[in-house]
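Examination of the molecular architecture
Chain residues, written in single-letter form:
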Amino acid sequence: GSTTPWVVVAAPKRIVAARAAVKDLGSVVVLDAFAPAENALFLANELTRPSGVNARTSARLLFGTSCVFRHAGREEGDDVGFTYNVSANGVFVRTLAPLDPGDDVWIELWAPKSARRVRLAGRVVWKRQFGPDESATVPAGFAVRVDGGLPGDVERWMAGCAALQREQLAT
């Protein structure tokens, strides 16, 4: 009857067994022991989210890859970041130089489950500055709503996110 959220850490070869052991328990997820430590925070936050209306059209997935980004249309000024989580319609970029909400952005990064990088376009929907913040649920960076990209890249991105989601649900 406990409603306390639990993040269970298991060695990769034991993840399937651990997930099977806790599958009937509420508020429990299993995390790969070799995953970055901040993944535990992400999963704990997901478990404690209010169960109200979720406006997301696709699942948020843990996925880390390097990326470069710039204000859309600018010739120079690439900054470097690292993704924290992704969805078919968005990306959260970890960076100490977050763009401002409303800014249009171009971003190049590896698509999940793909052998090539993609170039996406989007708009910054929110940001978190670097510094102390007791209510922070993510590291410093910004969230992008993906609304375009180079021909074929948006489809490659969405297919990669779908494949990553299937993989994460299967294990």
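Residues numbered from 1 in each chain as written. Predicted model: local features only at pLDDT ≥ 70, side-chain atom pairs only at ≥ 80, totals over all residues. Heavy atoms only, no water.

Below, the discussion takes up the overall build of the protein chain. Summing up its helical and strand segments, the protein chain has three helices and nine strands in all. Taken from the N to the C terminus, the helices and strands of the protein chain come in the order β-α-β-α-β-β-β-β-β-β-β-α. By residue count, 35% of the 171 residues in the protein chain fall in the buried class. Put simply, of all contacts in the protein chain between residues at least 6 apart along the chain, 55% involve residues at least 24 apart. Split by element, the accessible area of the protein chain, about 10100 Å² in all, is 55% carbon and sulfur. (Helix = DSSP H or I, 4+ residues; strand = E, 2+ residues; numbered from the N terminus. Buried < 20%, exposed > 50% of the residue type's maximum accessible area, 1.4 Å probe, protein only. Contact = heavy atoms within 4.5 Å. Areas by Shrake-Rupley, 256 points an atom, 1.4 Å probe, with all protein chains shown as cover.)

Let us now look at the pattern of salt bridges. Overall, the coordinates contain eight salt bridges when judged by the stated rule. A salt bridge links Asp100 to Lys127, with the shortest nitrogen-to-oxygen separation between them at 2.5 Å. Taken together, the positions of Asp100 in the loop between strand S6 (90–94) and strand S7 (104–110) and Lys127 in strand S8 (residues 117–128) put the pair 27 residues apart, joining distant regions of the chain. Exposure remark for Asp100: the relative accessible area of 39% places this residue in the partly exposed category. Exposure remark for Lys127: the relative accessible area of 26% places this residue in the partly exposed category. In this structure, the salt-bridge partner of Asp153 is Arg156, at a minimum N-O distance of 3.1 Å. Taken together, the residues Asp153 and Arg156, both in helix H3 (residues 153–170) and three residues apart, mark about one turn of the helix. When salt bridges with common partners are traced through the structure, they connect Glu108, Arg117 and Arg119 into a single cluster. (Salt bridge = Lys/Arg side-chain N within 4 Å of Asp/Glu carboxyl O.)

Locating Asp32 in the fold gives a position in strand S2 (residues 28–32). For Asp32, a relative accessible area of 27% puts it in the partly exposed group. Between the C-alpha atom of Asp32 and that of Arg14, which follows or precedes it by 18 residues, the distance is 8.9 Å.

Tracing the backbone through its elements, the reader meets Arg94 in strand S6. Given the relative accessible area of 26%, Arg94 is considered partly exposed. Separated by 14 residues in the primary sequence, Arg94 and Val80 place their C-alpha atoms 9.0 Å from one another. Residue contacts for Arg94: discarding those within four places in its chain leaves Glu38, Gly81, Phe82, Thr83, Tyr84, Pro139, Ala140 and Gly141.

Let us now look at the side chain of Asn85. By the secondary structure assignment, Asn85 is in strand S5 (residues 79–87). For Asn85, the residues in contact, after removing those within four places along its chain, are Phe42, Arg60, Leu61, Leu62, Phe63, Val91 and Phe92.

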